[in-house]
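# Working through the structure, step by step
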Amino acid sequence: MTGVSTGIEPRGMEPRGSESSIRVLGLGNDILGDDALGILVARQAEARFGGQVEVVSSSQAGFHVMDQLLGVSRLVVVDCIQTGAAKPGTVYVLDEHAVRPAPGVSSHSLGIFEVLAVARRLGLPAPAQCVILAVEAADCTTVGGSMHRDVEAAIPAVMEWIERFLAVEPGGAV
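Residues numbered from 1 in each chain as written. Predicted model: local features only at pLDDT ≥ 70, side-chain atom pairs only at ≥ 80, totals over all residues. Heavy atoms only, no water.

## Let's talk about the pattern of salt bridges
Which entries qualify depends on this criterion: Salt bridge, as used here: a side-chain nitrogen of Lys or Arg that lies within 4 Å of a carboxyl oxygen of Asp or Glu. Runs of H or I in DSSP of at least four residues are treated as helices and runs of E of at least two as strands, each being numbered from the N terminus. Note on classification: 1.4 Å probe, protein chains only; a residue is buried when its accessible area is under 20% of the maximum for its type, exposed when over 50%, partly exposed between these limits.
As enumerated under the stated definition, the model contains six salt bridges in all. Of the charged contacts, one joins Arg 120 and Glu 96 as a salt bridge, the two residues approaching to 2.6 Å between their closest N and O atoms. Taken together, the positions of Arg 120 in helix H3 (residues 112-121) and Glu 96 in the loop between strand S5 (91-95) and H3 put the pair 24 residues apart, joining distant regions of the chain. With relative accessibility at 33%, the residue Arg 120 sits in the partly exposed group. As a salt-bridge pair, Arg 164 and Glu 160 come within 4.0 Å of each other at their nearest N and O atoms. Placement of both Arg 164 and Glu 160 in helix H5 (residues 155-167) is noted, with a separation of four residues, approximately one turn of the helix. Glu 160 sits in the partly exposed class, given a relative accessible area of 43%.

Here is the structure:
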């Protein structure tokens, strides 16, 4: 069973307007082994939750995903990560308020949280809540490589977390 490393549970935030909208954004590249994770989760989320939530996917990064981050009150981003600190398939739940930006970040390597900070600074309609579900990968560089079995086995845990996130009403009610 894949473990979920988190101190964060899905929680509601006050909607910015009269309606609260949620988007699931799957990031990755489906021809690069474990990097396909976000794309595969987006496909499953569309099939399972498509009527409840907007689902998009992208192989872009940095400012190239700005449009996919904007215009919703709550955002869940699914991607893989290689820290080397955990076994492949470990699921991390990263809240933007609990993650410190890396020092010396350039505009060529901006992460989701840095892009959101820029959007807010510019007065763009950024989500009030952004959570990244990151799965520890084994290999994200082999073209045509298959997904590590433990990374693939993490998909049900990610889908379950998304389902719980969707069940939380804005404002915190479950």
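There's plenty left to go through after this.
## Points about the packing of helix H1 (residues 37-49) against H5
Note the following rule: With axes taken as lines fitted to C-alpha atoms, and helix axes fitted only over the stretch in contact, angles between N-to-C directions fall between 0 and 180 degrees. Roughly parallel covers angles under 35 degrees, roughly antiparallel covers those over 145, roughly perpendicular covers 65 to 115, and oblique covers all other angles. If you view the pair so one helix is near and one far, a crossing is left-handed when the near helix is turned anticlockwise from the far one by less than a right angle, and right-handed when it is turned clockwise. Any two residues having at least one pair of non-hydrogen atoms within 4.5 Å are treated as being in contact. Three classes are used: nonpolar for Ala, Val, Leu, Ile, Met, Phe, Trp, Tyr, Cys and Pro, charged for Asp, Glu, Lys and Arg, and polar for all others, with Gly counted as polar.
One way to put it is that H1 packs onto H5 with a least axis distance of 10 Å and a crossing angle of 50°. Relative to H5, H1 is oriented oblique. In this structure, H1 crosses over H5, and the sense of that crossing is right-handed. Between H1, through Leu 37, Leu 40, Val 41, Gln 44, Ala 45, Arg 48 and Phe 49, and H5, the contact on the second element is made entirely by Ile 155, Val 158, Met 159, Ile 162, Glu 163 and Leu 166. Split into classes, the residues belonging to the contact of H1 with H5 amount to 10 nonpolar, one polar and two charged.

## Structural notes on the confidence of the model for the protein chain
Let me state the cut-off plainly: pLDDT is a residue-level measure of predictor confidence that goes from 0 to 100.
Averaged over every residue, the pLDDT of the protein chain is 83; the share at 70 or more is 79%. Predicted confidence in the protein chain is weakest over strand S1 (residues 4-5), with a mean pLDDT of 45, and strongest over helix H4 (residues 149-153), with 97. A low-confidence stretch, residues 1-18 (pLDDT under 50), is modelled with 55 contacts involving residues beyond four sequence positions or located in other chains.

## Details of the nonpolar core
What counts, and what does not: Residues belong to one nonpolar core when they are buried, are Ala, Val, Leu, Ile, Met, Phe, Trp, Tyr or Cys, and are joined through side-chain atoms within 4.5 Å.
Residues Leu 37, Val 78, Leu 133 and Ile 162 are the most contacted members of the largest nonpolar core, which totals 30 residues. Elements with a contribution of two residues or more to this core: strand S2 (22-27), H1, strand S4 (74-81), S5, strand S6 (129-136) and H5. When residues in this core are grouped by element, the largest group, seven residues, is from H5. Leaving out residues up to four positions away in the same chain, Ile 162 has contacts with Val 24, Val 41, Phe 49, Val 76, Val 78 and Leu 133. Listed in part, the 21 residues of the second largest apolar core include Val 65, Leu 75, Phe 113 and Ile 132.

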